[in-house]
Amino acid sequence: MTDEQLVEGCVKKQALAQKALYDKYSRRMLGVCLRYASSTDEAQDILQDGFIKVFDKIEAFNAKGSLEGWIRRIMVNTALDNFRKNKKHMNQTDVDDVKYLLKADNFVVESLEAKALLKIIQTLPTGFRTVFNLYAIEGYSHKEIGVMLDVSEGTSKSQYSRARAYIQKILEKENITSR
Amino acid sequence: MKNVNDIEELFSKSFENFEQEVNPSVWTNVQQAIQTPAAPTSAASAAGKGMALKYVAIAILSVATVTGAYFIANEFNANQNEKQSALSVLEEDKTATNNQTHIAEPQSDLNKNSTEILSDKHTIQTNGRETKTEKEINNEVKMSAHSEKENTSTSTKPEFVSENNTVTAEKNKQNAEQKETVKENTKETAVVSTFEIDAEVNVLEDYDNKTIAFSIENEVEKVEWNFGDGNSSSLLSGLHRYSNFGEYVVIATAWSKNGQKKSIKKIVNLQLISSIDFVPNVITPNNDGSNDVFNVKLSNMQVFHLIIVDRLGVTVFETTNPEITWNGNDLNGNPCKNGTYSYVIKAVGIDNKTHNTNGTIQLLR
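Owing to the predicted nature of the structure, the values given are computational and were not obtained by experimental measurement. (Residues numbered from 1 in each chain as written. Chains lettered and ligands numbered in written order. Predicted model: local features only at pLDDT ≥ 70, side-chain atom pairs only at ≥ 80, totals over all residues. Heavy atoms only, no water.)

### Considerations on the overall build of chain B
Stage number 1. Summing up its helical and strand segments, chain B has 7 helices and 14 strands in all.
Stage number 2. Sorting the 365 residues of chain B into buried and exposed places 32% on the buried side.
Stage number 3. In chain B, the share of contacts with a sequence separation of at least 24, taken over all contacts with a separation of at least 6, comes to 51%.
Stage number 4. With an accessible surface of roughly 22200 Å², chain B has 50% of that area assigned to carbon and sulfur atoms. (Helix = DSSP H or I, 4+ residues; strand = E, 2+ residues; numbered from the N terminus. Buried < 20%, exposed > 50% of the residue type's maximum accessible area, 1.4 Å probe, protein only. Contact = heavy atoms within 4.5 Å. Areas by Shrake-Rupley, 256 points an atom, 1.4 Å probe, with all protein chains shown as cover.)

Laid out in structure tokens, this is it:
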């Protein structure tokens, strides 16, 4: 089925179309959610909430745009909702204050590069991870990220540069990349 | 091998088509959540379409209102959360408008209602255009405000004030009352606004725990950092390395463009902490890549001694090098039997703290 047919079916709440759309995109979207989560369980929770929103709002999808991009934006927004929700429970600890230890031997370079990179991303503190994802992979500007995460543009910039420096160090250590 | 400087490229390429298998329970949950009563019958659907179209129109109308609210909120520096929700609405707005055009075209020759709806749509789209124009004006105003700023910097937030004034002038044509309100607000802002600074100081733990990264995020004319160890700096942001561990008071003093001065104090505590971070309680030396060795994880240790004994008290492994791990073989290199083994760790950290611990390991092949 084409995306158009899938959307049409989903708008009519046809169970078959819904399942087909889910089967087509769920694996790739889990790949997106994993980057924003610290564990697979957390990622699947985001995925679940995200897909419920997708089916809920499928009428609002613009047929001229890419369906995948639209679903992906919903997933990212769901992940950010999750981040903001958890932020409240963190006693407003500034994301900068998070201390963490990265142990080099945790990152055995696997044949699948993305999996190795995911491991690195998931070890980062949530604040770093979110900013890094939004900027480096999703391609948002620091200004946009500032609004999304309710922090200043400068905070986004400094968080990103620090996250990037840590990642770079690990990559060099692990020889995933070389200078 | 790729260039490490292209981290963004490496990550975005690697994750471009990254997929993972999903636990089937996710679909079950999604399905439960989205289950709707019965699907609409075909007879009802024709009437339903008209209704749906109206519904969309109403949704757009309300979105337009919210969009307007967003710009106002933006101008008056409302809290960021509101901005966020307004932003996402904006996104939906685009989608909804396009969608409507899409639906409306085939509808026109089908339904009487459609004329009505189409005209509705027309108003709404005009509405949308108006909002857009306002936005454009806003942008232009911002640009002109920028150049004004350099000449007339009487307030600490000149950009903000002049922007509002010019916008007011534009709105004047439409609504005189509104102008009054905006002006009042502008005055208030000018009085209330004060010079605020915010300094960030972070210890870079993975260097040597003696280096801090400092930065001022605000717009300031001049800044003076006093690191509390006799050193100072006038950089907006940078790194400073202390020669000794300890607690330091960092004071950042900043001056605004019109001579206001503000200081902010941050405490930096540089401590080396040694710890035993992780000791496995099971090993499975079958070369499958997971838990094949007994691997103790330490932080900042200078002395380390590990002994592993079997149930009879016979030493099967001993090392003083934390890098050497136990692979489940005894001292002669013969594989140990499945069962319970005991370990004793004696370690001293760089901070001269002793860490003594013991426990049991389960060996399974």
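### Notes on the overall build of chain A
Stage number 1. Of the regular secondary structure elements, chain A holds 8 helices and 0 strands.
Stage number 2. Sequence-ordered secondary structure for chain A, helices as α and strands as β, is α-α-α-α-α-α-α-α.
Stage number 3. When burial is assessed residue by residue, chain A has 53% of its 179 residues classed as buried.
Stage number 4. Carbon and sulfur atoms make up 50% of the accessible area of chain A, which amounts to about 8200 Å² in all.

### Brief notes about the pattern of salt bridges
Stage number 1. Counting across every chain of the model gives 13 salt bridges over all chains.
Stage number 2. Linking Asp3 of chain A and Lys24 of chain A is a salt bridge whose minimum nitrogen-to-oxygen distance equals 2.8 Å. Of this pair, Asp3 of chain A sits in helix α1 (residues 3-11) while Lys24 of chain A sits in helix α2 (residues 15-36), placing them 21 residues apart in sequence.
Stage number 3. Its relative accessible area of 25% is what places Asp3 of chain A among the partly exposed residues.
Stage number 4. The partly exposed category is assigned to Lys24 of chain A, whose relative accessible area is 39%.
Stage number 5. Close ionic contact of Glu19 of chain B with Arg27 of chain A constitutes a salt bridge, the shortest N to O distance being 3.6 Å. Highlighted residues: Glu19 of chain B in the loop between α1 (7-14) and α2 (24-34) and Arg27 of chain A in helix α2, drawn from two different chains.
Stage number 6. Glu19 of chain B gets classed as partly exposed once you look at its relative accessible area, which sits at 32%.
Stage number 7. Via salt bridges that share partners, Arg27, Arg28 and Glu68 of chain A together with Glu19 and Glu21 of chain B belong to a single interconnected network. (Salt bridge = Lys/Arg side-chain N within 4 Å of Asp/Glu carboxyl O.)

### Focus on the side chain of Ser156 of chain A
All names here are of chain A.
Stage number 1. Mapped onto the secondary structure, Ser156 falls in helix α8 (residues 153-174).
Stage number 2. Ser156 sits in the buried class, given a relative accessible area of 1%.
Stage number 3. Setting aside residues no more than four positions away along its own chain, Ser156 makes contact with Val131, His142, Ile145 and Val151.

### Comments concerning the pairing of strand β13 (residues 339-349) of chain B
All names here are of chain B.
Stage number 1. Examined bridge by bridge, strand β11 (residues 301-309) and β13 share 8 bridges and lie antiparallel to one another. Bridging across to β13, Met301 finds its partner in Gly349.
Stage number 2. Remark: 4 residues form the turn of the hairpin made by β13 and strand β14 (residues 354-363), two consecutive strands paired antiparallel; Asn352 in that turn has positive phi of roughly 65°. (Pairing = 2+ DSSP bridges.)

### Focus on the sheet that holds strand β5 (residues 237-241) of chain B
Across a sheet, strands are paired by hydrogen bonds formed along the backbone, either parallel or antiparallel in direction.
Residue and element names in this part refer to chain B.
Stage number 1. The antiparallel open sheet is built from 3 strands, whose spatial order is β1-β2-β5. With one partner strand each, in any of the chains shown, β1 (199-203) and β5 form the two edges of the open sheet. For this sheet, the mean inter-axis angle between neighbouring strands, taken without regard to orientation, is 20°.
Stage number 2. The pairing of β1 with strand β2 (residues 211-216) spans 5 bridges and is antiparallel. Bridge assignment links Val203 to a residue of β2, and that residue is Ile212. (Axes fitted to C-alpha atoms, helices over the stretch in contact; angles between N-to-C directions.)

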